[in-house]
Amino acid sequence: MKSSSSRRSSRPAVRTPDGLDQVYGVHALESLLERGETPRELWVQQGAGNRLKEVVASAQSRGARIKEQPRDLLDQLTQGAAHQGVVAFCPPLVPEGEESLWLKLRAWQASAPPLLLVLDGVTDVHNFGACLRSADAAGAHGVIVAKDKAAPLNATVRKVACGAAEVVPVYQVTNLSRTLAKLKDAGVWITGTAGEADASLFEIDMTGPTALVMGAEGKGMRRLTREACDNLAKLPMAGQVSSLNVSVATGICLFEAVRQRQLAS
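Every chain begins its residue count from 1, and numbering advances along the sequence as written. Predicted model: local features are reported for residues with pLDDT of at least 70 only, side-chain atom pairs are reported and counted for 80 or more only, and whole-chain, interface and lining totals are derived from all residues. Excluding hydrogens and water, the side-chain values take into account all heavy atoms of the structure.

Strands belonging to one sheet form pairs held by backbone hydrogen bonds; the direction of such a pair is parallel or antiparallel. At least two DSSP bridges between two strands are required for those strands to pair. The secondary structure listing takes helices from DSSP runs of H or I that are at least 4 residues long and strands from runs of E that are at least 2 residues long, numbered from the N terminus. Pairing is mixed across the open sheet formed by four strands, whose spatial order is β1-β4-β2-β3. Each edge of the open sheet is held by one strand with a lone partner, namely β1 (21-24) and β3 (65-69). Averaged over neighbouring strand pairs, the angle between their axes works out to 25° when direction is ignored. Where β1 meets strand β4 (residues 86-90), four bridges bridge the pair, whose relative direction is antiparallel. Considered in β4, the bridge of Q22 is made with F89. Note on geometry: axes are lines fitted to C-alpha atoms, helical ones only across the stretch in contact, with angles between N-to-C directions running from 0 to 180 degrees.

Contact pair helix α2 (residues 26-34) / helix α3 (residues 53-61): the axes reach a minimum separation of 11 Å and the direction vectors enclose 40°. Between α2 and α3, the crossing angle belongs to the class labelled oblique. Helix-helix and strand crossings are classified by hand; for α2 and α3 the assignment is left-handed. Between α2 and α3, the residues in contact are L29, E30 and L33 and V55, S58 and A59, respectively. Charged residues are taken to be Asp, Glu, Lys and Arg, nonpolar residues to be Ala, Val, Leu, Ile, Met, Phe, Trp, Tyr, Cys and Pro, and polar residues to be all remaining types, Gly included. Looking at the contact of α2 with α3 residue by residue, the classes come out as four nonpolar, one polar and one charged. Each angle is binned into one of four classes, with values under 35 degrees roughly parallel, values over 145 roughly antiparallel, values of 65 to 115 roughly perpendicular, and all other values oblique. Left-handed describes a crossing whose near helix is turned anticlockwise from the far helix through less than a right angle; right-handed describes the clockwise counterpart. Only heavy atoms enter the contact rule, under which two residues are in contact if any of them lie within 4.5 Å.

On to the sheet that holds strand β9 (residues 199-200), then. Pairing is parallel in the open sheet, where seven strands are placed in the order β7-β6-β5-β10-β8-β11-β9. The strands lining the two open edges of the sheet, one partner per strand, are β7 (170-173) and β9. Sheet topology note: the β9/strand β11 (residues 231-234) ladder contains two bridges and is parallel. Looking at the pairing, S200 lines up with K234 of β11. This element, helix α6 (residues 125-138), spans β5 (115-120), β6 (142-146) and β7 of the sheet and lies at about 170° to β5. Contacts from helix α9 (residues 176-185) reach β5, β6, β7, β8 (189-193) and β10 (210-215), with the element oriented near 160° to β5.

Structure, rendered in structure tokens:
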């Protein structure tokens, strides 16, 4: 007699619409619709009842194909994540190129100086999504990542970011240290975060054009990235823990910049 694990492993993989990303959860779907985006297809849990009626009807009225599916299929598709009975299939997100970043800076018209978040080697999709969410909440003007050793803009990132992945510009660059050098030439001050830095983040002036660099989980910034920074700063740690999760640290650092800018205005 076959074990239950054998039966599960022999189950055929769920076939999803070709070339589309899955975005799951009620809030993520509502965010898509609020921004005027329409998923190509919507898989809705059988027997979901009135809980999803309004958001599904809204998606269907805009042209989304609706398919009812059993819950175990949605569980398998999302690998057990909290899909809340609905999975939308949308065109994949594509990062902007480096030239878009330079065009934006050259044509800068916002009243606030640029505030950019740079992620050096952040490969965990949950951390990437959380960083994008913090960047959106803090009003950052873009997130810069390298083409290599960086988390992709996939369905998990979109879910964790709660809509921020669709609205915060993500600039993908070939050479991160060279990009930082060009940012300095453009008048942007580069502040890197490192636990061994002498200065506290709260001593660093971030009221002007600023790029805040966060290093990879566990490893921190790469050597060339560190050398490209104008200064290094750390978060003062009072307890036994020596460091914070990169997404938590990102939120703290970004909102310190927000605090300084509000006081300076």
